[in-house]
Amino acid sequence: PEAITVQELANRMAEKAADLVKSLFKMGMMVTINQTIDQDTAELLVEEFGHNIQRVSESDVDIDAAADVDAPETLKPRPPVVTIMGHVDHGKTSLLDALRGTDVVRGEAGGITQHIGAYQIKTKGGDLITFLDTPGHEAFTEMRMRGANVTDIVILVVAADDGIMPQTIEAINHTKAAGVPMIVAITKADKHEANPQKIRERLLEHEVIVEEMSGDVQDVEVSAKTGAGLDKLIEKILLQAELLELTANPDRAAEATVIEAKLDKGKGPLATVLVNRGTLKVGDILVVGTHSGRVRAMLDDKGRQIKEAPPALPVEVLGLGGVPMAGDTLTVVESEARAREVAAYRQEQATARRTTHAPASLENMFSALA
Ligand code: GTP
Ligand code: MG
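Residues numbered from 1 in each chain as written. Chains lettered and ligands numbered in written order. Predicted model: local features only at pLDDT ≥ 70, side-chain atom pairs only at ≥ 80, totals over all residues. Heavy atoms only, no water.

Colleague: What's the story with helix α7 (residues 166-178) in this structure? I'm lost.
Modeller: Since the α-helix turns once every 3.6 residues, residues separated by three or four places project in the same direction. Its 13 residues give α7 an end-to-end C-alpha distance of 18 Å, which sits within 8% of 18 Å, the value for a rise of 1.5 Å per residue. Within the sequence span of α7, burial applies to Gln167, Thr168, Ala171, Ile172, His174 and Thr175. (Helix = DSSP H or I, 4+ residues; strand = E, 2+ residues; numbered from the N terminus. Expected span 1.5 Å × (residues − 1). Buried < 20%, exposed > 50% of the residue type's maximum accessible area, 1.4 Å probe, protein only.)

Structure, rendered in structure tokens:
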């Protein structure tokens, strides 16, 4: 029968090998960390440490976090996360800007979006909506590929004076593949050359059938310049969000997804993260990607220092040990030792993925052993 060394199993569980040896000793087995144990014993240990074999997949690197599902009674409503996608120059940033009532475009170099912006707005009715701006579709694809489903709703921006362009089509395909509901925003409706009806017709060719064409995809004509249609767009987003019944447990250790990250000369590694569940707090010890850290400070999208970040709030986090990648998971852990351990474990997995193509998850390990 096939077997695994104690050290290897400890690595896969992100536990100390010495603790495994201790447990084995209590079970009446005298083994060193380099000795092998059989599958039954390994499974016993996994249970002993409270890890769940079934739920572990390659991306669920923090085994404890992956294994616990929030009980229904802990779930509370949360704001929707809306990603704005579309072809270059079709007006994504301008639309978001108009929605925020501020001017980001002017602050951007050449008016081209360099990074994903993440913002939360409060509507007149008091509802919160989180928006993610994309400079194209790359970030969205990357995040989707890494299994981070942070987007609840996609707004497909199509300029009324242009048409369905290559990146429009790619955005449609990615949205469909992700199974995320779409709202079509036909922008630049104020322009002379605007022909919204043509856009609706051309969308049919890509199997996007909007309401006006008797389909079920919501569509709205907007102008970032005049502000026309913005209220209607917000209304449609809230309607769609209501149907999705979005919830999260805010009263637990936080889990978040990295939207963008960079190294700042003065502040060190910075990451804009979106809290998926729990509440991220200043002082929290965390693992993000292959780095550990502690939340030194948090800034909201207006640059204000905040102490706590609830689900669906995008925040910039200071205090990371390194620069993570977009799509990485940030997990709050109970101690620095644990943070270092998990970070080391993730680093090892990342190396393993680079050197061999064999997946290194518990689930795969056990199915391979069976
Ligand atoms: P990338 O991030 O580079 O892909 O572009 P984008 O989709 O974010 O487009 P952006 O918002 O930067 O707008 C591109 C150009 O279209 C700018 O010159 C805007 O002023 C103009 N524009 C955007 N929305 C409108 C609109 O509703 N009406 C008019 N007339 N012009 C608009
Ligand atoms: Mg832009």
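Once you've had a look at it, read on.
Colleague: How should the site of ligand 1 be read in this particular structure?
Modeller: The full set close to ligand 1 counts 17 residues, and Lys92, Thr93, Ser94, Asp190 and Ala224 are the nearest of them. Note that an oxygen atom of ligand 1 is positioned 2.9 Å from one of the side-chain N or O atoms of lysine 188. Take aspartate 190: an N or O atom from its side chain is 2.7 Å from a nitrogen atom of ligand 1. Here ligand 1, which alone exposes 650 Å², has 81% of that area covered by the protein. Among the residues making up the shell around ligand 1, the classes are represented as 3 nonpolar, 8 polar and 6 charged. (Near = heavy atom within 4 Å. Polar contact = N/O pair within 3.5 Å; in protein donor to acceptor, adjacent residues only side chain to side chain. Areas by Shrake-Rupley, 256 points an atom, 1.4 Å probe, with all protein chains shown as cover. Nonpolar A, V, L, I, M, F, W, Y, C, P; charged D, E, K, R; others polar.)

Colleague: What exactly am I supposed to notice about the sheet that holds strand β5 (residues 118-122) here?
Modeller: Paired through backbone hydrogen bonds, the strands of a sheet run either parallel or antiparallel to each other. Spatially, 6 strands are ordered β5-β6-β4-β7-β8-β9 in an open sheet, and the strand pairing comes out mixed. Here the strands that pair on one side only, and so sit at the sheet edges, are β5 and β9 (218-221). Adjacent strand axes in the sheet meet at a mean angle of 25 degrees, parallel and antiparallel pairs treated alike. Here strand β8 (residues 182-187) runs beside β9; their pairing, made up of 4 bridges, is parallel. Directly across from valine 184, in β9, lies its bridge partner aspartate 219. The strands touched by helix α8 (residues 196-204) within the sheet are β7 (153-159), β8 and β9, with β8 carrying the most contacts at an inclination of about 145 degrees. (Pairing = 2+ DSSP bridges. Axes fitted to C-alpha atoms, helices over the stretch in contact; angles between N-to-C directions. Contact = heavy atoms within 4.5 Å.)

Colleague: Whenever I open this one, the pattern of salt bridges confuses me. Can you help?
Modeller: Two side chains with opposite charge may pair up if their charged atoms get near one another. Scanning the entire structure with this criterion turns up 17 salt bridges. Among the ionic pairs, arginine 200 bridges to aspartate 219, the shortest N-O distance being 2.8 Å. With arginine 200 in helix α8 and aspartate 219 in strand β9, this pair connects stretches of sequence that are 19 residues apart. Considered together, arginine 200 and aspartate 219 belong to a single accessibility category, that of buried residues. Overlapping salt bridges, with partners in common, bring together Asp70, Arg252, Glu255 and Arg277 in one network. (Salt bridge = Lys/Arg side-chain N within 4 Å of Asp/Glu carboxyl O.)

Colleague: I would appreciate a short explanation of the pairing of strand β18 (residues 314-320) in the present structure.
Modeller: Successive residues of a regular strand alternate their side chains across the two faces of the sheet. Among the 7 residues that make up β18, 7 are buried, leaving the element largely enclosed by the rest of the structure. Pairing geometry for strand β12 (residues 268-277) and β18, over 5 bridges, is antiparallel. Across the sheet, residue threonine 272 finds its bridge partner in β18, namely glutamate 316. Across 4 bridges, strand β15 (residues 291-299) lies against β18 in antiparallel orientation. If you follow methionine 298 over to β18, its bridge partner there is valine 317.

Colleague: Sorry, what's going on with unusual backbone geometry here?
Modeller: Phi at aspartate 89 is positive, roughly 70 degrees, even though this residue is not glycine. Position of aspartate 89 relative to the elements: it lies in the loop between β4 (81-86) and α5 (92-100). On the accessibility criterion, aspartate 89 (58% relative accessible area) is exposed. Even without a glycine there, the phi angle at glutamate 207 is positive, about 55 degrees. If you trace the backbone, glutamate 207 turns up in the loop between α8 and β9. Taking the relative accessible area as the measure of exposure, glutamate 207 reaches 63% and is therefore exposed.

Colleague: Quick question: what am I supposed to make of the side chain of arginine 200 here?
Modeller: Under the relative-accessibility criterion, arginine 200 is labelled buried at 5%. At 3.0 Å, the side chain of arginine 200 forms a polar contact with the side chain of glutamine 197. Beyond its immediate sequence surroundings of up to four residues, arginine 200 is in contact with Ile186, Val210, Glu212, Met213, Asp219 and Glu221.

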